[in-house]
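Descriptive analysis of the structure
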Amino acid sequence: MGNKKKHVVLNEFYVLFRRNIVVLFFGVISLLIVLKNSELPFPMFVPSIIREFFLKPYPNTTQAIAFMLLENLSLAYIASTIFYFLVDYIPKRKKERKALLLAQKDLQSIYGSLSYIIRMFLFDVDINEEPLRILKDKIDVSKICFVKLSKKNKHARIAHYTDEFTNSSSSSYNIHNDSISNVKNIEQKLYDIFNRSYTNEIEGDLLEIIDRIRSSRFLSMIKIFSEKGYIDAPGTNSLFYRLDSSFLELIEQYVKLGKYITCKYDYRFNHIIEAEWQRQNEEIVLMLNRSEFLNLPIEKIRTMTNYILGIQLSEETFNKITGVLCELLIAYDYSPKSELLEIGKHIAEYLKTFEGDKELKAIAALNYLQVLVRMGTSTKKEKKEINWIFNPAENLPDYIILGALILVKNYSEAKKVMDKLSTDEKKLFISFPIYRLWPIPPVPPNLEPGDFRVIDKNKDT
C-alpha cells in the first residue's frame, strides 16, 4: 500500500513538471531575482561565491533600478503563478483524477483485451519479446511475421494476472474468434467512455491514447475480416495477415495506456505439449456434472466429452467416466434433450469396450441399455444380452441385479432385492439414474434421494 501511495505522489510530481515546465522555470528565475534584491542575510555556511551572487545592488545605481523593476515583475509573476495553481491547475487535476477513477474499470477491460490480442499474435509467430522491448529495440515484426487467421483452436498455457494474483491454466485459443471478441469488447468500452458525463474531464494525453486505439487500423482490419465474412467464404479456411506498422502502433498505445492502469489485468502465452493438454482436458471432462450438462451449449458438451474417447480405460477411469455418464442421464431426466442421449450413447459404447472386472462389465452393460431405454430404441435382443447378470454363479452384488431387474421390467423381483439392501445402500441406489426408470418405485421410508456417487468396487467413493 505504501509503494502505491509513493507511486501516486511521484506520478503527480511528474505530471506537474511535465505540464508546467516553462511556468516553473520562470517561477524559479523570478524567485532568484526577488532573493537577490532582498535584505535577507544568507547563513554563513552558504558558500561565499553564492552569497556574493545574491548581494543586493548598491542603491541609486542603474543596476539597482533595473533589479527593482525586475523584482516587481517577478513578484507579479509569482503571484499569478500561485493563483494559476490554486484556481486552475489543482482543481482541474482533481477532476482529471476523479474522471480517471470513474473510467478505470473500462480502461482495465480495454487494457486486458489489448494484452490478450497483442500477446496472442506475438505468441502465434513465436516472438517472445515483451511489447515494451519490441518498441525500445525497434523490432520490425512486419519483416518476419505473417499471422494465420483460422478457426482452428490452438493450445497454450495462458496466464492472466494482476498486481494481486496470478492464475495460469492450459487453455485453447483461436486467433480469429478471440481477436474478434476482444475487439468488440474494446469498441464497447470505448463507446462507454466517450459517452459518459466525465469524458471532457479526462486528461488530454489519455484521451489521445484511447482515441488512437479507437482508430487503430490493426483493430479495424480484424473487424473487417469478421464483418465481411472473408474466412467463411467458400473454399477459404484461413487468411494470412501481416503484422505491419499498425501492429507496432497498437503496442505503443497499449504500453502508454498501462501507465494509467491502477490494477493491470495482463496475459502471458506459453507453449504446452500436447500430452499435457490432453491430460488436463481429461481431468476437466471427468469432473462434468449435471449442472454443466443442463447449462452448457450442446456443441461445447460434445467437444468436451470427445476427450473421454481418448482416455485409457482402467478401473479408476472407468468409474469416473461412469460417474460422468450418470450425471448426463440425470440431466437428461430433468431436461430431455435428444442430443444428450446421443452423447451418452457414445460414452456408454466406449465403456462397454472395457476388458476386466466382471462387475464393471455388468455396470457398463446396464448403463448402455438404460441409455437405449431412454432413447426408446432398446430391443428384446439387447435386453437378453444382460441375462448373464442373473446367473447366481456370477455372484454379482445386489445393486447390479436390482438395476438389471428394473431394465427388464421385472419389478416384483426388483422389490424383493430392494428390500434386501441396507439403508445406506438404498439411499445410494435411489440416487442412480437407473432408479428413475422404475415407474412406481418403492421409495424407502425416511430416505431422501442423495447425490450421485461413483461406486468403486465394493465401496462408495
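Residues numbered from 1 in each chain as written. Predicted model: local features only at pLDDT ≥ 70, side-chain atom pairs only at ≥ 80, totals over all residues. Heavy atoms only, no water.

**Details of the pattern of salt bridges**
Here the structure, examined in full by the defined rule, presents 23 salt bridges. Across the pair arginine 302 and glutamate 299 runs a salt bridge whose closest N-O atoms are separated by 2.7 Å. One end of the pair, arginine 302, and the other, glutamate 299, are both in helix α12 (residues 298–305), 3 residues apart, so they sit about a helical turn from each other. The exposure class assigned to glutamate 299 is exposed, which follows from its relative accessible area of 53%. Across the pair aspartate 333 and arginine 436 runs a salt bridge, and its minimum N-O distance is 3.9 Å. Here aspartate 333, found in helix α13 (residues 315–334), pairs with arginine 436, found in the loop between α19 (423–429) and β6 (455–456); they are 103 residues apart in sequence, far enough to count as distant. Arginine 436 gets classed as partly exposed once you look at its relative accessible area, which sits at 40%. One continuous salt-bridge network, built from bridges that share partners, spans Glu12, Arg19, Arg93, Glu96, Arg97 and Glu203. (Salt bridge = Lys/Arg side-chain N within 4 Å of Asp/Glu carboxyl O. Helix = DSSP H or I, 4+ residues; strand = E, 2+ residues; numbered from the N terminus. Buried < 20%, exposed > 50% of the residue type's maximum accessible area, 1.4 Å probe, protein only.)

**Notes on a nonpolar patch on the surface**
Among the surface-exposed residues, Ile21, Val22, Phe25, Phe26, Val28, Ile29 and Leu32 lie close enough to one another that they form a single nonpolar patch of about 640 Å² accessible area. Tracing the backbone shows valine 28 in helix α2 (residues 21–36). (Patch = residues over 30% accessible without salt bridge, like charges linked within 9 Å, V, L, I, M, F, W, Y side chains within 5 Å. Areas by Shrake-Rupley, 256 points an atom, 1.4 Å probe, with all protein chains shown as cover.)

**Quick notes on the side chain of glutamate 12**
Relative to the helices and strands, glutamate 12 resides in helix α1 (residues 2–19). A polar atom in the side chain of glutamate 12 sits 2.9 Å from the side chain of arginine 93. The contact partners of glutamate 12, leaving out residues within four places of it in the chain, are Tyr89, Arg93 and Arg97. (Polar contact = N/O pair within 3.5 Å; in protein donor to acceptor, adjacent residues only side chain to side chain. Contact = heavy atoms within 4.5 Å.)

**Let's talk about the packing of aromatic side chains**
Geometry of an aromatic ring pair is reported as the spacing of the ring centres plus the angle between the planes. Tallied over the entire structure, the rule returns 17 aromatic pairs. Here the aromatic rings of phenylalanine 25 and phenylalanine 26 are separated by 5.4 Å at their centres, their planes lie at 80 degrees, and the arrangement is edge-to-face. Their ring planes at 35 degrees and their centres at 5.2 Å tell us that phenylalanine 318 and phenylalanine 354 sit as a pair that is tilted. Of this pair, phenylalanine 318 sits in helix α13 while phenylalanine 354 sits in the loop between α14 (338–352) and α15 (358–375); the two residues are 36 residues apart in sequence, bridging distant segments of the chain. (Phe/Tyr/Trp six-rings, centres within 6.5 Å; stacked < 30°, edge-to-face > 60°.)

**With respect to the packing of α13 against α14**
When two helices pack together, their arrangement is given by the angle between the helix axes and by the axis-to-axis distance. Viewed as axis vectors pointing N to C, α13 and α14 meet at an angle of 160 degrees, and their least axial separation amounts to 10 Å. The pairing of α13 with α14 is recorded here as roughly antiparallel in orientation. Where α13 crosses over α14, the two elements pack in a sense that is left-handed. Counting all contacts with α13, which are made through Phe318, Ile321, Thr322, Leu325, Leu328, Leu329, Ala331 and Tyr332, the residues of α14 involved are Ser338, Leu340, Leu341, Ile343, Gly344, Ile347, Ala348 and Leu351. For the contact of α13 with α14, the class distribution of residues is 13 nonpolar, 3 polar and no charged. (Axes fitted to C-alpha atoms, helices over the stretch in contact; angles between N-to-C directions. Parallel < 35°, antiparallel > 145°, perpendicular 65-115°, else oblique. Left-handed = near helix turned anticlockwise from the far one by under 90°. Nonpolar A, V, L, I, M, F, W, Y, C, P; charged D, E, K, R; others polar.)

**What to know about the nonpolar core**
Formed by 58 residues in total, the largest nonpolar core has its most connected members in Leu402 and Phe429. Taken together, the elements giving at least two residues each to this core come down to α12, α13, α14, α15, α17 (398–407), α18 (411–420) and α19. Ranked by the residues each element gives to this core, the list is headed by α15, at 10 residues. Not counting chain neighbours up to four residues away, the residues in contact with phenylalanine 429 comprise Tyr399, Leu402, Gly403, Ile406, Met418, Leu421, Ile434 and Tyr435. Core analysis: the second largest hydrophobic core is formed by 44 residues, Ile110, Ile118, Ile251 and Tyr254 among them. (Core = buried A, V, L, I, M, F, W, Y, C linked by side-chain atoms within 4.5 Å.)

**Considerations on the confidence of the model for the protein**
Within the protein, residue pLDDT values average 81, and 83% of them lie at 70 or more. Contacts for the low-pLDDT stretch residues 445–461, under 50 throughout, to residues beyond four places or in other chains number 40 contacts. (pLDDT = per-residue confidence, 0-100.)

**Some thoughts on α12**
Along α12, the residues that are buried comprise Ile298, Ile301, Met304 and Thr305. Axial view of α12: buried residues confined to an arc of 130 degrees, hence all on one face. (Arc of directions from axis to C-beta.)

**Observations concerning the side chain of aspartate 266**
With respect to the helices and strands, the residue aspartate 266 is situated in strand β5 (residues 266–270). Separated by 2.2 Å, the side chains of aspartate 266 and serine 115 make a polar contact. Within the structure, aspartate 266 has its side chain in polar contact with the side chain of arginine 119 (distance 3.3 Å).

**Here's the deal with unusual backbone geometry**
In this structure, asparagine 395 takes a positive phi of about 55 degrees despite not being glycine. Assignment of secondary structure puts asparagine 395 in the loop between α16 (380–384) and α17. Taking relative accessible area as the criterion, asparagine 395 reaches 66% and is therefore assigned exposed.

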